[in-house]
Number of protein chains: 2
Amino acid sequence: MLRRSDSRKSREKSGDRNRALSIRSNKKESSSSAPRHGFSISSLRGTVQPELSKKLYKLIKSENHLISNYEAAGKERLSIATQLSDWGESTNDDAISDISDKVGVLLSEIGEQEDLYAHNIDDSRAILKAIRNTEKSVQPSRDNKAKLMDEIAKLKAKEPQSAKLVILEQELVRAEAENLVAEAQLTNITRQKLKEAYAAEFASTIERAEKQIMLARHGRRLLNLLDDTPVVPGDQRNPYHHANEARQILNDAEDDLKDWQPDLEEVPSGRGVESGLPSAEQHRYQTPAAESVTGGGSVIQHEPVAAEGSRVSSGGSVTTGPVEPSYAPSEAGTSQVV
Amino acid sequence: MLRRSDSRKSREKSGDRNRALSIRSNKKESSSSAPRHGFSISSLRGTVQPELSKKLYKLIKSENHLISNYEAAGKERLSIATQLSDWGESTNDDAISDISDKVGVLLSEIGEQEDLYAHNIDDSRAILKAIRNTEKSVQPSRDNKAKLMDEIAKLKAKEPQSAKLVILEQELVRAEAENLVAEAQLTNITRQKLKEAYAAEFASTIERAEKQIMLARHGRRLLNLLDDTPVVPGDQRNPYHHANEARQILNDAEDDLKDWQPDLEEVPSGRGVESGLPSAEQHRYQTPAAESVTGGGSVIQHEPVAAEGSRVSSGGSVTTGPVEPSYAPSEAGTSQVV
């Protein structure tokens, strides 16, 4: 398996490459392997998420634990760096004192990079929330459509001539139109934000890595200034003459960090508009549902999605415009119950 | 400061470069900035360490916390990777399902690298323990010498003609010889192991970084297979045709990991023997203390130090040989009380 190919020293190599190509859990077994974090208000809250956004809700929470781990690692590194420097001073050995202090400076910067990484994962996590929020907002639209179809089927069986049937079918047509928009927003937002979130997370992984490589290489240069030729009892060590060189290494490290620039293969987004729908000027759509809209211009907006709402008009064309502060409910009225 | 120069987005840049060049705590303030971990048996145990090994004892404990943080991060990454894959499957979108699963594979491998990093830090930590153990074993030698000097001074003042004075002075000469060896072992072990431990830690930082860069770059390639061009409501997405390309990217990632080789500036050690003393064949030493040894060949061994003990003979030459199972105490008898 890929994830096992090179990571643990004692691990046996597996020749079966194909097993590497998916990490999907074998149906409902994944939760047992996830680290447990005990009860908390926020983990109970996950159970009241709509079905559609439950998985991502939990994933976003797990990212939070990951972020905490990196923050803690960064803090611990800083503490260790200071301790190393203090220990070095206490040895009363000029060479060890200077080298340990400067190795400590580099270690603390490595720790700062862990902290920056934690913040960058947090930014990526915020992007995933846009998907989760859209999922959350699409659920009532699906529910409403399903509920109307269910009601119509029941009524047709019981009272096929009921006047209410016409009303319900009008409502269904509107609900289907609304749901078509919602589903389009969902696929658009999901693909855009998934790409964006993980492109950012991979970019920050590369940033941490490239900066820590520079720091660690300078760290090894520093260690080479420490003469560890054994002395015989009673002999004195040669005096330490590398203070300036050591200082120069720190200056080099600082310059390298300042000069660092990301060098990444681009992950371009094909997105047209932030709402998750292309602009109406470029695209017109005709769907059975939209064509059979009977009433005069029912306006459907999905405010939780993004800065722009989308409008379904009776002509079947989609226009996007600024969010209107007032909310125009559909006649069915249930599609916005969250 | 170097450690602040580039790490936090919101941080102000400091023009004072010199402040960057040390992280030494301003005398006894360091403990307040260290993360707290509550009371535990092992943290109380630190208080009964000899003074000489106290700082390193605590540092080694802090490294343990750091290791735990990386282990936890690795586990959380694996959990997130599986969750991402499961979520992708639940979207019923072939493209998202395939890309999320394969991004998950790469993320889980990034997690495995965190775990490997934790293990490598643990190896480096074990090397630091050799310094701490030597520090611990040198403390009684220092104490014994100081105690004898103190006794002699007191006796000289009280009974300058005491016959015991001659005995004590003989003991002091032996203790000084023993201490000279102990201090030489301490400086040799300290420099060698400090270099070795942090050369290893920097090397593993570079290993994690280089491998994660490869994985993250392949991750961004994967994301580019996801078409996020917005669709209009009612339109179908183009079918997903990149399954083979995605699989190839994972194969490339696996090959890259397999082909990875460390490429490091060497940190050579000047060490002669593992005991921390150069071999007797190459070095002879004459010291006032060793020259005035009067008894016949008192044997001093420092078993906690390493696989080889050192022997001080009456001729004043140091030979190293295998540890003898029997322990030959000096006449003073107190130098081995730990």
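Residues numbered from 1 in each chain as written. Chains lettered and ligands numbered in written order. Predicted model: local features only at pLDDT ≥ 70, side-chain atom pairs only at ≥ 80, totals over all residues. Heavy atoms only, no water.

(A) Inspection of the environment of A:His218 at higher detail. Residues and elements named next belong to chain A. Its place among the elements puts His-218 in helix α5 (residues 164-223). Distance in space between the C-alpha atoms of His-218 and Asp-252 is 7.9 Å, their sequence separation being 34 residues. Apart from the residues within four sequence positions on either side, His-218 is in contact with Leu-106, Ile-249, Asp-252, Ala-253 and Asp-256. (Helix = DSSP H or I, 4+ residues; strand = E, 2+ residues; numbered from the N terminus. Contact = heavy atoms within 4.5 Å.)

(B) Structural view of unusual backbone geometry. All names here are of chain A. Here the phi dihedral of Asn-92 falls at roughly 55°; this positive angle occurs in a residue that is not glycine. Checked against the element boundaries, Asn-92 lands in the loop between α3 (51-90) and α4 (94-158). The exposure class assigned to Asn-92 is exposed, which follows from its relative accessible area of 73%. (Buried < 20%, exposed > 50% of the residue type's maximum accessible area, 1.4 Å probe, protein only.)

(C) Seen up close, the relation of the copies chain A and chain B. Take chain A, turn it by 180°, move it 0.0 Å along the axis, and it overlays chain B with an RMSD of 0.2 Å. The transformation relating the two chain copies, once decomposed into turn and shift, fits a two-fold axis. Among all residues of chain A, the one whose C-alpha sits closest to the rotation axis is A:Ala209, at a distance of 2.1 Å. When the interface residues of chain A are mapped onto chain B, 100% of them are again interface residues, pointing to one common binding face. (Least-squares fit on C-alpha atoms with pLDDT ≥ 70 in both.)

(D) Spotlight on the interface of chain A and chain B. Listed as interface residues are 142 residues of chain A and, on the opposing side, 142 residues of chain B. Here chain A and chain B share an interface that buries about 12,900 Å² over both sides, 57% of which is from carbon and sulfur atoms. Its largest share of buried area at the contact with chain B, chain A owes to A:Arg24, A:Arg191 and A:Arg220, together 7% of the area lost on that side. With a shortest N-O distance of 2.6 Å, A:Arg208 and B:Glu114 are connected by a salt bridge. For the pair chain A and chain B, the number of links is 52 residue pairs in polar contact (both at pLDDT 80 or more). For the side of chain A that touches chain B, the secondary structure elements donating two or more residues are α3, α4, α5 and α6 (243-259) of chain A. For the side of chain A that touches chain B, the element with the highest residue contribution is α5(A), accounting for 29 residues. Split by residue class, the side of chain A that touches chain B holds 56 nonpolar, 40 polar and 46 charged. (Buried area = accessible area lost by both parts, 1.4 Å probe. Salt bridge = Lys/Arg side-chain N within 4 Å of Asp/Glu carboxyl O. Polar contact = N/O pair within 3.5 Å; in protein donor to acceptor, adjacent residues only side chain to side chain. Nonpolar A, V, L, I, M, F, W, Y, C, P; charged D, E, K, R; others polar.)

(E) Looking closely at the UniProt feature "coiled-coil region" (unreviewed entry) in chain A. This chain's UniProt record puts "coiled-coil region" (unreviewed entry) on residues 165-192 of chain A. The span residues 165-192 of chain A carries 100% helix and 0% strand; its end-to-end C-alpha distance comes to 40 Å. (UniProt positions renumbered as here; feature names shortened; annotations may be inferred.)

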